Amino acid sequence: MYLELANLFQEEIESLRDNYNEFRQNPQICRNMPPVSGRIKWIRQYYKRIEEPMNILKEKASVIAAPKMRRVIRMYNALTTVFVEYEVLYHKAWYRNVVQVKTFLTLPLLAMNPRTGRIMINFDPYIMEAIQETECMWKLGLSVPNVAQIITFSKKKIMTDYENVRSLVKMNDNIRLSIPSLFIPMMKPVLMKLDKAFQPGLSTITWTSMEIPKFCENLEEVLDDAKDFVKEASGLVCYRLVAWLPRSPDLTSLEFLLWGNVGMLVYATPVNDEKN
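Rules behind the numbers
Residues numbered from 1 in each chain as written. Predicted model: local features only at pLDDT ≥ 70, side-chain atom pairs only at ≥ 80, totals over all residues. Heavy atoms only, no water. Salt bridge = Lys/Arg side-chain N within 4 Å of Asp/Glu carboxyl O. Helix = DSSP H or I, 4+ residues; strand = E, 2+ residues; numbered from the N terminus. Buried < 20%, exposed > 50% of the residue type's maximum accessible area, 1.4 Å probe, protein only. 1 Å grid on protein atoms, 1.4 Å probe; cavity = no way out; pocket = protein on both sides within 12 Å on 5 of 7 lines; lining within 4 Å. Points joined across faces, edges and corners; volume = space filled by probe spheres on them. Nonpolar A, V, L, I, M, F, W, Y, C, P; charged D, E, K, R; others polar. Phe/Tyr/Trp six-rings, centres within 6.5 Å; stacked < 30°, edge-to-face > 60°. Lys NZ or Arg CZ within 6 Å of the ring centre and 35° of its normal. Contact = heavy atoms within 4.5 Å. Axes fitted to C-alpha atoms, helices over the stretch in contact; angles between N-to-C directions. Parallel < 35°, antiparallel > 145°, perpendicular 65-115°, else oblique. Expected span 1.5 Å × (residues − 1). Bend = angle between axes of the 7 residues up to and from the residue.

1. Structural notes on the pattern of salt bridges
Piece 1. Under the defined criterion, the tally for this structure stands at nine salt bridges.
Piece 2. Of the charged contacts, one joins Arg166 and Glu163 as a salt bridge, the two residues approaching to 2.9 Å between their closest N and O atoms. In this pair, Arg166 and Glu163 both sit in helix 8 (residues 155–178), three residues apart, roughly one turn of the helix.
Piece 3. Taking the relative accessible area as the measure of exposure, Glu163 reaches 33% and is therefore partly exposed.

2. Considering unusual backbone geometry
Piece 1. Its identity as a non-glycine residue notwithstanding, Asn32 has a phi of 70°, on the positive side.
Piece 2. When its relative accessible area of 72% is taken as the criterion, Asn32 is described as exposed.

3. Some points on the layout of surface pockets
Piece 1. Approximately 300 Å³ is the volume found for the largest pocket.
Piece 2. Those elements giving two or more residues to the lining of the largest pocket turn out to be helix 8 and helix 9 (188–203).
Piece 3. The leading source of residues in the lining of the largest pocket is helix 9, at five residues.
Piece 4. Per-class residue counts for the lining of the largest pocket are eight nonpolar, four polar and four charged.

4. Focus: the packing of aromatic side chains
Piece 1. Scanning all chains against the criterion turns up 13 aromatic pairs.
Piece 2. When the ring of Tyr162 is compared with that of Trp207, the centres are 6.5 Å apart and the planes differ by 40°; the resulting orientation is tilted. Of the two residues, Tyr162 is situated in helix 8 and Trp207 in the loop between helix 9 and helix 10 (212–244); the sequence distance between them amounts to 45 residues.
Piece 3. Judged by relative accessible area, which is 19%, Tyr162 ranks as buried.
Piece 4. The class for Trp207 is buried, based on a relative accessible area of 3%.
Piece 5. Directly above the ring of Tyr46 sits Arg49, whose terminal nitrogen or CZ lies 5.9 Å from the centroid.

5. Looking at the side chain of Thr152
Piece 1. For Thr152, the location among the structural elements is in helix 7 (residues 146–153).
Piece 2. Those residues in contact with Thr152 that sit more than four places away from it in its chain are Ile131, Thr134, Glu135 and Trp138.

6. So, the packing of helix 2 (residues 35–58) against helix 6 (residues 126–139)
Piece 1. For the pair helix 2 and helix 6, the least separation of the axes is 8 Å and the interaxial angle reads 30°. In terms of axis orientation, helix 2 runs roughly parallel to helix 6. Contacts between helix 2 and helix 6 pair Pro35, Val36, Ser37 and Ile40 from the former with Glu129, Glu133, Cys136 and Met137 from the latter.
Piece 2. Of the residues assigned to the contact of helix 2 with helix 6, the class counts are five nonpolar, one polar and two charged.

7. Some words on helix 9
Piece 1. Here helix 9 is 16 residues long and its end C-alpha atoms lie 22 Å apart, about the 22 Å a rise of 1.5 Å per residue gives.
Piece 2. Where helix 9 bends most, at Ala197, the angle is about 30°, and the proline Pro200 comes one to four residues later.
Piece 3. If you check which residues of helix 9 are buried, you get Val190, Leu191, Leu194, Ala197, Phe198 and Gly201.

Right, here's the structure in full:
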């Protein structure tokens, strides 16, 4: 019976060998697992599938000593060596390269989109990938460099800061898109104040900074003021000026357009203080 099992075991080894050769470059990683630890878990599953049967067969001296088993044992030893080397290769490469995550954390919180000119969040996806890899490496019992450990211990702070900054960037986009084109010249002082509030996040404040909460608090206050100003200006257009114009005996649509252009000329020069 055990010799029959040995035959089946040989077929299993050959099948795993062929699957490994086919999928080693693009293995079937478990869902929600990062790429490196996902590969390691994948290869460990292959290893386990041949290790457990071999442990059972080792207990049967007569089976192990059978001539047919010699080839099976050679195949087993060769394949387990390959599996171990695969894991070591990927773990060492990750251990060596993950320290670059420090570079991404020292970038400013924000950046200007070169195509649209809008402010966008400057958060590299590799930061979260490095944290996920570290957590999975711990579960797999593998070593992790100090840099990755420190960043992972700071996961809650990093994610809180990310969500706060992302929310403020989105709020800024919504405010700017809601400004009527007629009032853009009038809004220049408000927009200049917004740009000034965003400036630290575009230059000096990074993802490792302890000033992020204070920066977000100040920015939120400025955004709230801008939002209220736009709301009042829009209300003026919808409920006062537009409602009054059709009944005005001394102002035609053409004249209204003229006054709009005059307003744009008046506010072409930025208003920096009360004297202006």
